[in-house]
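Structure assessment
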Amino acid sequence: MLAIINGPNLNLLGRRQPEIYGTKTFDETLAEIRADFADTRIEYFQSNSEGDLIDALHRLGYDPDCGGIALNPGAYAHYSIAIADAIEAIPVPVVEVHISNIHAREEFRHTSVTARAARALIAGCGRDGYALALLYLQRLANANNQTDTKVE
């Protein structure tokens, strides 16, 4: 199982700033992702509340079935030490995802305090960033599950 966690205002995708985020809802994007990863269970969680996001990271990060988390912390990326600490506190890898290129936007968006705790950062690939993150996490999980077998 892999997980996607979306932070604040991402529940408004499809309506919020369509010139930046597009016109599809995240439910539509999630359906496409689940179709593309048909052999993998994809858990999804979204909240506008920092504490709820931390609780979801803790819950999924210690779930023995979870191979990794694609996290779009939204604006929390730029100042939430608590979310960064939560990422560091869990054993599963986290890939930070941003739909837009945060480095091409306002100056305050250029820094992500949560990215330092993540295994990787994907920004500016649109909604494809989620699939790229899941593909990477899937490959990490597969590499970790392979064992060297001696043939005698």
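Look above for the structure.
What counts and what doesn't
Residues numbered from 1 in each chain as written. Predicted model: local features only at pLDDT ≥ 70, side-chain atom pairs only at ≥ 80, totals over all residues. Heavy atoms only, no water. Helix = DSSP H or I, 4+ residues; strand = E, 2+ residues; numbered from the N terminus. Expected span 1.5 Å × (residues − 1). Buried < 20%, exposed > 50% of the residue type's maximum accessible area, 1.4 Å probe, protein only. Arc of directions from axis to C-beta. Contact = heavy atoms within 4.5 Å. Axes fitted to C-alpha atoms, helices over the stretch in contact; angles between N-to-C directions. Parallel < 35°, antiparallel > 145°, perpendicular 65-115°, else oblique. Nonpolar A, V, L, I, M, F, W, Y, C, P; charged D, E, K, R; others polar. Polar contact = N/O pair within 3.5 Å; in protein donor to acceptor, adjacent residues only side chain to side chain. Salt bridge = Lys/Arg side-chain N within 4 Å of Asp/Glu carboxyl O. Pairing = 2+ DSSP bridges.

1. Notes on helix 3 (residues 50-61)
The end-to-end C-alpha distance of helix 3, which contains twelve residues, comes to 16 Å, matching closely the 16 Å that a straight helix rising 1.5 Å per residue would cover. Among the residues of helix 3, those classed as buried are Leu53, Ile54, Ala56, Leu57, Leu60 and Gly61. What you see down the axis of helix 3 is that its buried residues fit within an arc of 160°, all on one side. On its buried face, helix 3 is in contact with strand 1 (2-6), strand 2 (42-46), strand 3 (69-72) and helix 4 (81-89).

2. Quick look at the packing of helix 3 against helix 4
Contact geometry of helix 3 with helix 4 gives a least axis separation of 9 Å together with a crossing angle of 5°. When the axis of helix 3 is compared with that of helix 4, the two are roughly parallel. On helix 4, the residues that touch Glu50, Leu53, Ile54, Leu57 and His58 of helix 3 are Ala82, Ile83, Ala86 and Ile87. Residues of the contact of helix 3 with helix 4, tallied by class, amount to seven nonpolar, one polar and one charged.

3. Notes on the side chain of Thr40
Mapped onto the fold, Thr40 is located in the loop between helix 2 (26-36) and strand 2. Among the polar contacts listed, one links the side chain of Thr40 to the side chain of Gln138, at a separation of 2.7 Å. Apart from residues no more than four positions distant in its own chain, Thr40 is found in contact with Leu2 and Gln138.

4. What about the pattern of salt bridges?
As a working rule, side chains carrying opposite charge can pair if their charged atoms are close by. In total, this model carries four salt bridges according to the counting rule given. For the salt bridge of Glu43 with Arg41, the shortest nitrogen-to-oxygen distance reads 3.7 Å. Arg41 gets classed as partly exposed once you look at its relative accessible area, which sits at 45%. By sharing partners, the salt bridges in this structure join Asp85, Glu88 and Arg116 into a single network.

5. Observations concerning the sheet that holds strand 1
Sheet architecture is open: five strands sit in the order 2-1-3-4-5, paired in parallel fashion. Among the strands making up the open sheet, the edge pair consists of strand 2 and strand 5 (120-123). Each strand axis lies, on average, 20° off the axis of its neighbour in the sheet, ignoring direction. The sheet contact formed by strand 1 and strand 2 spans five bridges and is parallel.

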